[in-house]
Amino acid sequence: MRLSLELTAAADLSDLADAVSSPGDPRFGRHLDRAVLVERIAQPPAVHAAAAAWFAGADLRAAASGLADLTWRAELDRAQLTCLLGQAGAQQLLARRRLVDDAARALVPPSLAASVAALELGPWRAPEAPRTLVDPGATPPPVPATGLRPAELARGYHFDRATDGEGETIAVMALGGVPDAGDVHGFARAFGLPPPQVELVQLTPLAACAADPRFRFETTMGLQWLAAVAPRARIVVYFIDPTVAADPWSCFLDHVLSAIFLKPTIAVTSWSAPARQYYAVHGRRRFAALLDLAAVLGVTVIAASGDWGAYDGFPSSGPARDVCDAIVPRDTFPGCEARVLSVGGTKVTEHEPWRELAWSAPVSPALRAATGLPALAGSGGVSVHVPVPTYQRGVLPGEFSRGPDAAPVPAAGRVQPDVSLMAWGPDATAYACLLDGEFRDDAGGTSLAAPIWAGIVARLNQRRRGHGLARLGQLQPRLYAACARDSALLRDIVDGDTDLELPLLTADGERRWQVLPGFRAVPGLDPATGLGVPDVARLTASLGSSDDP
């Protein structure tokens, strides 16, 4: 087994993260490089000496690694774990795998406790060196007649032709689902795109999730469309088995920020979780601190809002784990965090002319068979965990409508998503995707909208570097301010809703379907589609060329 002792950063950088991200602040855009950041957050030698002595007291050899050496790791067996933590402490950690804050501090010596953030137990695996996804050179099948093509996406959202993401490194979180190189490169070849620059990094051992068809579909479609939008960007995929890493999101972001040589500039995840469940287990402190570090470094963090309407995740309650525990609006993690750009979904009803509305629609037969759900809808809502961020204060109404048959939701917390993009298309089709050597036309969801937004941010960063400007970093304060000056940067979606029929377990044990009223798309910010969808050319001309307030 591997025991990880996570230390807190020596300095709280939340104020600096706000400053470098806020237009009008004298420190706006003055991000730190990783060497300077390490000096700010490194724990003093006395703390590291206390950590080393603690492990040595149980005859364990441990080493510090990660950003500023804030994580100590040791290989050990159950007897050694018991020697280190005591019988009760070892049993507690074995049962929960990860302990945070006071629960972790109670198990370490008093001389170390004030500097401890978490203890985590998992199989040992040092991260592998990046492995290039080599093009096998196979000829792809003919381009399908259905399913959105890259050129159609570019026309629909007015992509400029002067940028392609060159010079940017995009980190992608993947919960398994190792892609086939022929699919990724074949997709690009089929549509006349440059060869993707994709590298794979395995952070944990991968069990069944490595070849799980659903996970492979998720990873493959995201990579294909991210590379289509930012074909000259370097894409690094971090693979994490969620049955191994207790907190995959923190594991991912910690490695992104610690990657001294790769230096990712954008981090994106298509995976979300119920915020209530995540925070109940992990709390907010650890991930929020990592987001502060990302903002200070100028790394943009992007997450899909989810595909469950106003609910917060795939139905997984009940004896068969196939029902919702309660049909009520909830928020999703990590998009509910204020420093994460939360990306929602729309439904495009026509490609020519391009028309779209809030997303709630039936899915393809293949997706219905895979998910057990006849329809999906864009997730969004009001957080009960994260307060209203400063950048949203001037644009929030008093409450958000859920239609005539449901109570409105007060705008009392962080609202997600911030922005949206096509998640589904006309009829039962969405995006084209090459999987296992065959094209299909039902790739979609916010799992594609988020990577595409990551590609858009890469293009904006490229344009900014060309003008001698800093990268965007945490995008929302700048984006909300820019949209207040020019509403055409994002096209507001004002039609549709995110209603969704979901299974519920009744009091007598019956599985019954019930509609959860979602949110209405209305003028201005709303939990259905956020501020709207991008006009990439306008965004590039505005955010890519100037920092003018």
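Presented here is an overview of the structure given in this document. (Residues numbered from 1 in each chain as written. Predicted model: local features only at pLDDT ≥ 70, side-chain atom pairs only at ≥ 80, totals over all residues. Heavy atoms only, no water.)

### Considering the overall build of the protein chain
Scanning the protein chain from terminus to terminus reveals 16 helices and 28 strands. The globule rule puts the C-alpha radius of gyration for 549 residues at 24 Å, and the 23 Å found for the protein chain is close to it. Counting every position in the protein chain, which comprises 549 residues, the buried fraction comes to 59%. In the protein chain, the share of contacts with a sequence separation of at least 24, taken over all contacts with a separation of at least 6, comes to 79%. Carbon and sulfur atoms make up 53% of the accessible area of the protein chain, which amounts to about 20,700 Å² in all. Taken together, the 49 basic and 59 acidic charged side chains of the protein chain have centroids lying 3 Å from each other. (Helix = DSSP H or I, 4+ residues; strand = E, 2+ residues; numbered from the N terminus. Rg over C-alpha atoms; globule rule 2.2 N^0.38 Å. Buried < 20%, exposed > 50% of the residue type's maximum accessible area, 1.4 Å probe, protein only. Contact = heavy atoms within 4.5 Å. Areas by Shrake-Rupley, 256 points an atom, 1.4 Å probe, with all protein chains shown as cover. Lys, Arg positive; Asp, Glu negative; His and termini not counted. Charge placed at Lys NZ, Arg CZ, Asp CG, Glu CD.)

### Some thoughts on the pairing of strand β22 (residues 419-424)
Along β22, 6 of the 6 residues are buried, which leaves the element largely enclosed by surrounding structure. Across 5 bridges, the pairing between strand β14 (residues 340-350) and β22 is parallel. Each bridged residue has a counterpart across the sheet, and for Lys-347 the counterpart in β22 is Trp-424. (Pairing = 2+ DSSP bridges.)

### A closer look at the pairing of strand β7 (residues 169-174)
Across the 6 residues of β7, 6 count as buried, placing the element largely inside the fold. Side chains of β7 alternate between two faces, with Thr-169, Ala-171 and Met-173 and Ile-170, Val-172 and Ala-174 buried alike. In the sheet, β7 pairs with strand β9 (residues 234-239) via 6 bridges, with the strands oriented parallel. Residue pairing across strands places Thr-169 opposite Arg-234, the latter belonging to β9. When β7 meets strand β10 (residues 266-269), the two strands line up parallel, connected through 4 bridges. Across the sheet, Ile-170 pairs through a bridge with Ile-266, a residue of β10.

### Topic: the environment of Leu-107
Counting through the fold element by element, Leu-107 comes out in the loop between α5 (101-105) and α6 (110-113). Leu-107 sits 24 residues away from Arg-131 along the chain, and the two C-alpha atoms are 38 Å apart. Every residue in contact with Leu-107, bar those within four places of it in the chain, is listed here: Trp-54, Leu-85, Gly-89, Gln-92, Leu-99 and Leu-119.

### Details of the side chain of Glu-168
By the element assignment, Glu-168 lies in the loop between α7 (150-156) and β7. One polar contact links Glu-168 to Arg-471, side chain to side chain, over a distance of 2.9 Å. (Polar contact = N/O pair within 3.5 Å; in protein donor to acceptor, adjacent residues only side chain to side chain.)

### Points about the packing of aromatic side chains
Inspection of every chain in the model, using the stated rule, returns 18 aromatic pairs. Relative to Phe-439, the ring of Phe-191 has its centre 5.9 Å away and its plane inclined at 80°; by these criteria the two rings are edge-to-face. On the criterion of sequence distance, the pair formed by Phe-191 in the loop between α8 (181-190) and β8 (197-202) and Phe-439 in strand β24 (residues 438-443) is long-range, its members being 248 residues apart. Judged by its relative accessible area of 18%, Phe-191 is buried. Geometrically, the ring pair formed by Trp-249 and Tyr-278 is edge-to-face, given 6.0 Å between the ring centres and 90° between the ring planes. Of this pair, Trp-249 sits in helix α10 (residues 248-258) while Tyr-278 is found in helix α11 (residues 275-282), placing the two residues 29 residues apart along the sequence. In terms of burial, Trp-249 and Tyr-278 fall into one category: buried. Among the aromatic residues, those joined into a ring-pair cluster are Phe-187, Phe-191, Trp-225, Tyr-431 and Phe-439. Across the ring face of Phe-217, the terminal group of Arg-440 is positioned such that the distance to the ring centre comes to 3.9 Å. (Phe/Tyr/Trp six-rings, centres within 6.5 Å; stacked < 30°, edge-to-face > 60°. Lys NZ or Arg CZ within 6 Å of the ring centre and 35° of its normal.)

### Here we look at the sheet that holds strand β2 (residues 62-65)
Pairing is antiparallel across the open sheet formed by 5 strands, whose spatial order is β2-β3-β1-β5-β4. If you trace the sheet from one side to the other, it starts and ends with β2 and β4 (98-100), each paired once. Along the sheet, successive strands turn relative to each other by an average axial angle of 15°, direction set aside. In terms of strand pairing, β4 meets strand β5 (residues 116-122) through 3 bridges, oriented antiparallel. When the bridges of β5 are listed, Val-100 appears paired with Ala-118. (Axes fitted to C-alpha atoms, helices over the stretch in contact; angles between N-to-C directions.)

### With respect to the side chain of Ser-305
Structurally, Ser-305 can be placed in the loop between β12 (300-304) and β13 (332-333). A residue is classified by how much of its surface remains accessible, and Ser-305, at 0% relative accessible area, is buried. Among all residues touching Ser-305, those that are not within four sequence positions of it are Ser-272, Thr-332, Ser-342, Val-343, Gly-344, Ser-379, Gln-416, Pro-417 and Thr-446.

### A closer look at the pattern of salt bridges
Per the counting criterion, the structure on display carries 33 salt bridges. A salt bridge links Asp-102 to Arg-105; the nearest nitrogen and oxygen atoms lie 2.9 Å apart. On the criterion of helical spacing, the pair formed by Asp-102 and Arg-105 is a turn pair, its members being 3 residues apart in helix α5. Residues participating in the shared-partner salt-bridge network are Glu-6, Arg-98, Glu-120, Asp-254 and Arg-286. (Salt bridge = Lys/Arg side-chain N within 4 Å of Asp/Glu carboxyl O.)

### Details of the environment of Tyr-157
Residue position: Tyr-157 is located in the loop between α7 and β7. The exposure class of Tyr-157 is buried, given its relative accessible area of 0%. C-alpha separation for the pair Tyr-157 and Ala-303, spaced 146 residues apart in sequence, amounts to 20 Å. Residues within four places of Tyr-157 in sequence aside, it is in contact with Thr-346, Val-348, Trp-354, Glu-356, Leu-421, Met-422, Arg-491, Val-533, Pro-534, Asp-535, Val-536 and Ala-537.

### What to know about helix α14 (residues 446-466)
Here α14 is 21 residues long and its end C-alpha atoms lie 30 Å apart, about the 30 Å a rise of 1.5 Å per residue gives. In terms of residue burial, α14 counts as a mostly covered element, since 18 of its 21 residues are buried. With its phi angle positive at about 75°, Gly-468 sits one or two positions after the end of α14. (Expected span 1.5 Å × (residues − 1).)

### Some words on unusual backbone geometry
What you tend to see is this: most non-glycine residues have negative phi, and most peptide bonds are trans. In this chain, Phe-333 is followed by Pro-334 through a cis amide linkage whose omega measures 5°. Summarising the element assignment, Pro-334 is placed in the loop between β13 and β14. Across the junction of Gln-416 and Pro-417, the peptide omega takes the value 0°, indicating a cis bond. Following the sequence through the fold, Pro-417 ends up in the loop between β21 (415-416) and β22.

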